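# Working through the structure, step by step
Each chain, written out:
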Amino acid sequence: MSTYHPLHDGWTLTAGAGDGTPVPATVPGSVHTDLLAAGLIDDPYLDDNELRQHWIGRTDWVYRTTFDRPADGQDRVDLVCAGLDTVATVVVNDVEVLHTANMHRSHRADVTALLRPAGNTLQVRFAAPYTYAEAHRDALGERPGPYTEPFQFIRKMACNFGWDWGPTLVTAGIWQGIGLHAWTGARLAEVRPLTTVDGRTGRVEVPVRVERTSDAPVTVTAEIAGVTAGLRLAPGETDGVLVLDVPDVELWWPAGYGAQPRYPLTVRAGADTWTRQIGFRTVELDTDAFRLAVNGRPVFVKGFNWIPDDCFPARVTAGRLRERFGQALDAGANLLRVWGGGLYESEDFYDLADELGVLVWQDFPFACAAYPEEEPFRGEVEAEAREHVTRLVCHPSLVLWCGNNENIWGHQHWGWPEALEGRSWGGGFYYELLPRIVAELDPTRPYWPGTPYSGTPERDVMDDSTGTIHIWDVWNTEDYTRYDGYTPRFVAEFGFQGPPAYATLRAAVSDEPLTADAPGVRHHQKATGGNEKLLSGLGGHLPAPADFDDWHYYTSLNQARAVAYGLERFRSLMPYCMGAIVWQLNDCWPVTSWAAVDGAGRRKPLWYAVRRAYAPRLLTVADGVVTAVNDTDEPWTGDLTVTRRAVTGELLAKESVPVSVAPRDAGRVVLPAGLLDPVDGGRELLVAELGPQRAIRMFLEDPRMAYPPAAYDATVEPVAEGYLVHVTARTLVRELALHPDRLDPHATVDDQLVTLLPGETVTFTVTTARPLDPARLTSHPVLRCVNEARP
């Protein structure tokens with residue numbers, strides 16, 4: 001028999017040695033959220049409150065509770081800590097039972113002999129993270145990194161220490177579940193199902209490890225889809241392997257390629273039971289082209305990078321994750337990359353990925369810095385990697401293990417060898433330890449040492465002819481048209497900044513008036529020179545902002561255009577290029593950043609642009625060529641019609657060409673000179689159409705175009721869930737955008753950034769529970785376009 005008893009009630013939190021005034025504590029949780037709930041600190045996400053809370057990461061903390069021993073008569077009682085953040089001493093009835101120094105690990109201690117029937121005491125004493133990290137930095141020597149914070153000297157979520165999109169909120173706490181596991185006879189200490197497919201037969205090899213309280217033999221069984229297997233462990237034996245062959249399995253596919261059938265696998269040892277949903281699929285990686293294939297079929301990766309969805313991970317619920325996954329899928333994505341400056345994510349995360357067909361690329365938690373390989377870090381890294389490879393091996397969505405984020409790049413290009421003076425930097429982890437662990441525990445998946453990476457340690461990581469690259473000259477120094485200069489095999493990071501939704505920024509910043517340079521707006525911009533880059537990034541693409549409303553609209557639009565430009569470039573190279581992962585899907589707080597979904601969960605204009613660029617079928621025009629990208633299983637056939645028109649709508653030239661694009665391929669049509677040579681580039685545009693897909697290209701940038709002032713008729717129709725906003729263009733209307741969150745923070749809209757030719761109509765669906773003023777809903781600054789009439 002085996003029972004679990006959560007210990008999540010009755011906790012208090014005290015600063016220092018624990019002799020101060022306690023406050024109620026929530027478990028799972030964190031020090032910051034407990035202090036916030038007690039009214040002892042202001043919300044760190046608002047204004048610049050973060051700056052007055054750095055002391056928290058330099059303070060020791062003590063959590064306390066009491067509990068009774070489970071009355072179920074089991075032979076053994078273990079204290080199980082799923083996640084302690086980070087440097088902790090666990091004390092039961094005044095006896096130290098655990099010492100931890102790794103947020104990424106779980107811990108278990110036998111406390112059977114320490115427990116009394118009632119009134120047991122439990123303390124978790126957290127040492128200040130800065131004290132631990134700085135001590136190890138002093139002992140092992142400085143290591144280069146992007147910031148002065150010592151995040152690489154503690155096995156903790158690196159972005160806790162601040163990033164160019166995140167605040168510095170170095171917290172502590174019992175961030176995952178804690179409880180008592182009472183058991184008798186045997187327990188399943190490890191279950192590691194490895195799935196393979198041979199034709200129509202799926203095989204599950206299940207290595208198991210048991211822990212026992214007696215020398216009696218233990219029978220271990222496994223069952224899946226009516227197939228069973230068993231083994232008997234003799235006294236003293238702890239390990240065995242069960243093998244199950246399942247005939248006629250249905251394969252698990254990523255979204256857009258097929259269904260996601262899963263099978264319950266149940267393993268039993270004595271009275272202990274382990275159950276998971278698993279899927280059958282194969283995954284291969286062509287390491288030169290960096291082409292992923294699932295079940296033998298190459299997959300064009302349309303991805304987002306994923307960061308922790310909150311600075312305080314205990315606040316991220318399964319419902320919140322489902323919303324984010326829905327936003328990724330609705331934008332057309334099929335992969336999330338779990339970035340190396342964050343966490344190994346929760347079971348809810350990977351279960352959702354399995355259910356919904358979202359591929360997962362998992363970084364090991366190393367990012368942007370040189371990491372010491374000496375003890376205690378080597379032992380901690382090995383322990384955490386073994387735990388999580390074993391934990392996650394059952395998930396069919398997981399298709400790649402990656403050693404780090406940008407550390408090989410740093411060692412090659414950022415002057416690290418000189419700064420290190422021979423000290424370790426993490427290479428032993430990425431080239432030796434981690435691939436050895438993956439090969440041992442999960443031989444069914446590929447391992448990649450880091451990203452960017454070009455296949456061998458000697459090759460330049462920025463060689464875009466092989467492996468993965470990150471493109472960051474765009475945004476930092478170059479215009480987004482620089483994407484045309486890249487011909488990559490796979491882009492694992494690229495992006496462009498934009499502000500959060502108006503309602504998100506307004507709720508986070510109390511400055512009056514709200515301006516681009518207001519102190520609160522500046523504080524919620526963490527990138528060095530970020531606001532200046534937002535303006536310089538407008539370049540000649542858009543007008544100079546005259547006020548805050550212009551700044552917000554133009555920089556949001558420019559972010560959307562920049563990323564879409566890159567995506568269209570990379571997708572047009574299919575099948576030479578087989579993947580692009582946008583930096584980034586989500587934010588952890590309200591901030592101007594690269595995200596498509598802001599820190600309050602609102603979709604930015606970028607999200608809508610990515611949805612168009614990730615559409616299964618895409619038309620794009622560049623350098624006199626129309627490319628039709630067909631990421632479906634059916635041929636795309638029809639007449640490609642390309643017209644040159646005046647901005648007033650008149651037809652100036654037209655060509656029509658029959659095209660047929662094979663499934664999962666791209667077709668290209670070179671345009672004749674008659675379409676490409678305008679008489680007056682500032683008054684003409686190009687329109688390409690194939691079925692319902694359309695691409696519009698201006699011959700000049702918007703500020704140089706002689707657009708007529710936008711004229712349109714807008715009407716508002718109340719419906720059950722909100723409003724329909726109908727807009728009919730009387731002139732060309734460029735990049736029409738509706739921002740209902742300016743009237744109701746909870747209002748959403750189904751589309752953004754729509755260009756209308758004269759006579760065309762678009763209907764926006766606004767979802768809201770509040771009555772909105774139709775006049776305000778259809779006027780500046782709620783309804784915007786590039787060529788709007790100015791007073």
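Up top you'll find the structure we're talking about.
### Structural notes on the overall build of the chain
Regarding its fold elements, the chain presents 16 helices and 47 strands. Here the chain has a C-alpha radius of gyration of 28 Å; the compact-globule value for 791 residues is 28 Å, and the two agree. Overall, the chain is about 90 × 65 × 60 Å in size when its C-alpha atoms are taken along their principal axes. Burial status across the chain gives 60% buried among its 791 residues. Considering only intrachain contacts with a sequence separation of at least 6, the fraction spanning at least 24 residues in the chain is 69%. Element-wise, carbon and sulfur atoms account for 51% of the exposed surface of the chain, whose accessible area totals about 28,300 Å². Averaged over its 70 positive side-chain charges, the chain has a centre that lies 2 Å from the centre of its 105 negative ones.

### Examining unusual backbone geometry
In this chain, Val 27 is followed by Pro 28 through a cis amide linkage whose omega measures 0 degrees. Along the chain, the position of Pro 28 falls in the loop between strand S3 (23–24) and helix H1 (31–37). The omega angle of the peptide bond from Glu 375 to Pro 376 is 10 degrees, so this bond is cis rather than trans. Considering the arrangement of structural elements, one finds Pro 376 in the loop between strand S28 (359–363) and helix H5 (377–392).

### Concerning the pattern of salt bridges
Pairing between side chains becomes possible if they bear opposite charge and their charged atoms approach one another. A complete count under the given rule lists 53 salt bridges for this structure. A network of salt bridges, in which partner residues are shared, links Arg 76, Asp 78, Arg 108, Asp 110, Arg 187 and Glu 211.

### Considering the pairing of strand S7 (residues 87–92)
Among the six residues that make up S7, six are buried, leaving the element largely enclosed by the rest of the structure. Neither face of S7 is left uncovered, since the one carrying Val 87, Thr 89 and Val 91 and the one carrying Ala 88, Val 90 and Val 92 both have all their residues buried. Bridging between S7 and strand S8 (residues 95–101) involves six bridges; their strand directions are antiparallel. From the neighbouring strand, Thr 89 faces S8, where its bridge partner is His 99. Hairpin remark: S7 followed by S8, antiparallel, with two residues in the connecting loop; positive phi at Asn 93, about 50 degrees. Summarising the sheet, S7 and strand S10 (residues 120–126) pair through five bridges and their orientation is antiparallel. Bridge pairing links Thr 89 to Arg 125 in S10.

### Some thoughts on the sheet that holds strand S37 (residues 651–661)
One open sheet accounts for four strands, arranged S37-S36-S39-S40; its pairing is antiparallel. At either end of the open sheet lies a strand with only one pairing partner, and these are S37 and strand S40 (693–698). The mean inter-strand angle of the sheet, taken between neighbouring strand axes irrespective of direction, is 15 degrees. Examined bridge by bridge, strand S36 (residues 636–646) and strand S39 (residues 684–690) share six bridges and lie antiparallel to one another. For Thr 641, the partnering residue across the bridge sits in S39 and is Glu 689.

### Some points on the packing of helix H3 (residues 318–330) against helix H4 (residues 347–356)
Taken N-terminus to C-terminus, the directions of H3 and H4 make an angle of 40 degrees; their axes are 10 Å apart at the nearest point. If you check the angle between H3 and H4, you find them oblique. Where H3 crosses over H4, the handedness of that crossing is right-handed. In contact with Ala 318, Leu 321, Arg 322, Phe 325 and Leu 329 of H3, H4 contributes Asp 348, Phe 349, Leu 352, Ala 353, Glu 355 and Leu 356.

### Digging into the nonpolar core
By size, the foremost hydrophobic cluster in this structure holds 156 residues, and its most contacted members are Phe 304, Phe 364 and Phe 494. Apart from the residues within four sequence positions on either side, Phe 304 is in contact with Ala 328, Ala 331, Ala 333, Leu 335, Leu 336, Arg 337, Ile 581, Val 582, Gln 584, Leu 585, Ala 596 and Val 610. Formed by 33 residues, the second largest nonpolar core is a distinct cluster that contains Ile 56, Tyr 63, Val 90 and Leu 115.

### Considerations on the environment of Asp 239
Residue placement: Asp 239 occurs in strand S20 (residues 239–246). Spatially, the C-alpha atom of Asp 239 lies 74 Å from that of Asp 677, the residues being 438 residues apart in sequence. Residues within four places of Asp 239 in sequence aside, it is in contact with Val 208, Arg 209 and Leu 233. Separated by 2.5 Å, the side chains of Asp 239 and Thr 238 make a polar contact.

### Some thoughts on the side chain of Gln 362
For Gln 362, the location among the structural elements is in strand S28. The buried category is assigned to Gln 362, whose relative accessible area is 0%. Excluding its chain neighbours within four sequence positions, the residues that come into contact with Gln 362 are Val 338, Leu 343, Tyr 344, Tyr 350, Leu 392, Leu 398, Leu 400, Trp 401 and Cys 402.

### Considering helix H13 (residues 548–572)
What sets the pattern is the α-helix's 3.6 residues per turn: residues three or four places apart point alike. Compared with an ideal rise of 1.5 Å per residue, which puts 25 residues at 36 Å, H13 spans 36 Å between its outermost C-alpha atoms and is within 8% of the ideal. Most of H13 is tucked away, with 24 of its 25 residues classed as buried. One side-chain oxygen at the N-terminal end of H13 lies 3.2 Å from the backbone nitrogen of Asp 549; it belongs to Asp 547.

### So, helix H12 (residues 530–538)
Turning to H12, its buried residues number three or more, namely Gly 530, Asn 531, Lys 533, Leu 534, Gly 537 and Leu 538. Along the axis of H12, the buried residues cluster in a sector spanning 160 degrees; they form a single face. As for H12, its buried residues are in contact with helix H9 (473–476), helix H11 (519–523) and H13. Positive phi appears at Gly 539, one or two residues downstream of H12, with a value of about 45 degrees.

### Observations regarding the sheet that holds strand S5 (residues 76–81)
The strand order across the open sheet formed by four strands is S1-S14-S5-S9, and the pairing between neighbours is antiparallel. Pairing within the sheet leaves two strands with one partner each, and these edge strands are strand S1 (2–6) and strand S9 (107–110). Taken pair by pair, the neighbouring strands of this sheet meet at an average axis angle of 25 degrees, ignoring direction.

### With respect to the packing of aromatic side chains
Here the structure, examined in full by the defined rule, presents 45 aromatic pairs. Between Tyr 147 and Trp 163, the aromatic rings sit 5.3 Å apart at their centres with planes inclined by 70 degrees, giving edge-to-face as the arrangement. Here Tyr 147 is found in the loop between helix H2 (129–140) and strand S11 (161–163), whereas its partner Trp 163 is found in strand S11, with 16 residues between them in sequence. The class of Tyr 147 is partly exposed, set by a relative accessible area of 31%. Judged by its relative accessible area of 7%, Trp 163 falls in the buried class. Where Trp 425 meets Tyr 430, the ring centres are 6.0 Å apart and the plane angle is 65 degrees; that geometry is what we call edge-to-face. Judged on exposure class, the residue Trp 425 and its partner Tyr 430 are both buried.

### Structural notes on the environment of Glu 347
Within the fold, Glu 347 resides in helix H4. On the basis of relative accessible area, Glu 347 is assigned to the partly exposed category, the value being 24%. In this structure, the C-alpha to C-alpha distance between Glu 347 and Pro 146, residues 201 residues apart in sequence, is 31 Å. Beyond its immediate chain neighbours, meaning those up to four positions away, Glu 347 contacts Arg 276, Arg 391, Leu 392 and His 395.

### Topic: the side chain of Asp 598
In this structure, Asp 598 sits in the loop between strand S33 (579–582) and helix H14 (605–613). For the buried Asp 598, no salt bridge exists, and the shortest N-O distance to an oppositely charged side chain is 5.1 Å, to Arg 602. In terms of polar contacts, Asp 598 uses its side chain to reach the side chain of Thr 504, at 2.7 Å. Here Asp 598 is in contact with Pro 500, Ala 501, Thr 504, Asp 587 and Lys 604, once residues within four sequence places are set aside.

Conventions used here
- Starting afresh in each chain, residues are numbered from 1 along the sequence in its written order.
- In keeping with the model being predicted, local features are shown solely for residues with a pLDDT of at least 70 and side-chain atom pairs are shown and tallied solely at 80 or more, while totals for entire chains, interfaces and linings include all residues.
- The basis for the side-chain values is all heavy atoms of the structure; hydrogens and waters are excluded.
- Only DSSP runs of H or I with at least four residues qualify as helices, and only runs of E with at least two residues qualify as strands; both kinds are numbered from the N terminus onward.
- In this treatment the radius of gyration is a C-alpha quantity, and the globule benchmark scales as 2.2 Å times the residue count to the 0.38 power.
- Three exposure classes are used, based on accessible area relative to the maximum for each residue type with a 1.4 Å probe and protein chains only: buried under 20%, partly exposed in between, and exposed over 50%.
- Note on definitions: a residue-residue contact is assigned when non-hydrogen atoms from the two residues lie within 4.5 Å.
- Using a 1.4 Å probe, accessible areas were evaluated by the Shrake-Rupley method; residue-level cover was limited to the displayed protein chains.
- Counting rule applied: Lys, Arg positive; Asp, Glu negative; His and chain ends not counted.
- To locate a charge, take atom NZ for lysine, CZ for arginine, CG for aspartate or CD for glutamate.
- We count a salt bridge whenever a side-chain nitrogen from Lys or Arg sits within 4 Å of a carboxyl oxygen from Asp or Glu.
- By the convention used here, strands pair only if DSSP detects at least 2 bridges between them.
- Between the N-to-C directions of two axes lies an angle of 0 to 180 degrees, each axis being a line fitted to C-alpha atoms and, for a helix, fitted only over the stretch in contact.
- Convention used here: angles under 35 degrees read as roughly parallel, angles over 145 as roughly antiparallel, angles from 65 to 115 as roughly perpendicular, and any remaining angle as oblique.
- Whether a crossing is left-handed or right-handed is set by the direction in which the near helix is turned from the far one by less than a right angle, anticlockwise for left-handed and clockwise for right-handed.
- As used here, the term nonpolar core means buried Ala, Val, Leu, Ile, Met, Phe, Trp, Tyr and Cys residues forming a set that is joined through side-chain atoms within 4.5 Å.
- Any N or O atom pair separated by 3.5 Å or less is treated as a polar contact, with the protein-specific requirement of one donor-capable and one acceptor-capable atom, and with residues adjacent in sequence counted only for side-chain atom pairs.
- To estimate the expected span of a helix, subtract one from its residue number and multiply by 1.5 Å.
- The directions considered for the arc run from the helix axis to the C-beta atoms.
- Each aromatic pair joins two rings of Phe, Tyr and Trp (for Trp, the six-membered one) with centres within 6.5 Å, and gets the label stacked for planes under 30 degrees apart, edge-to-face for over 60, and tilted for any other angle.

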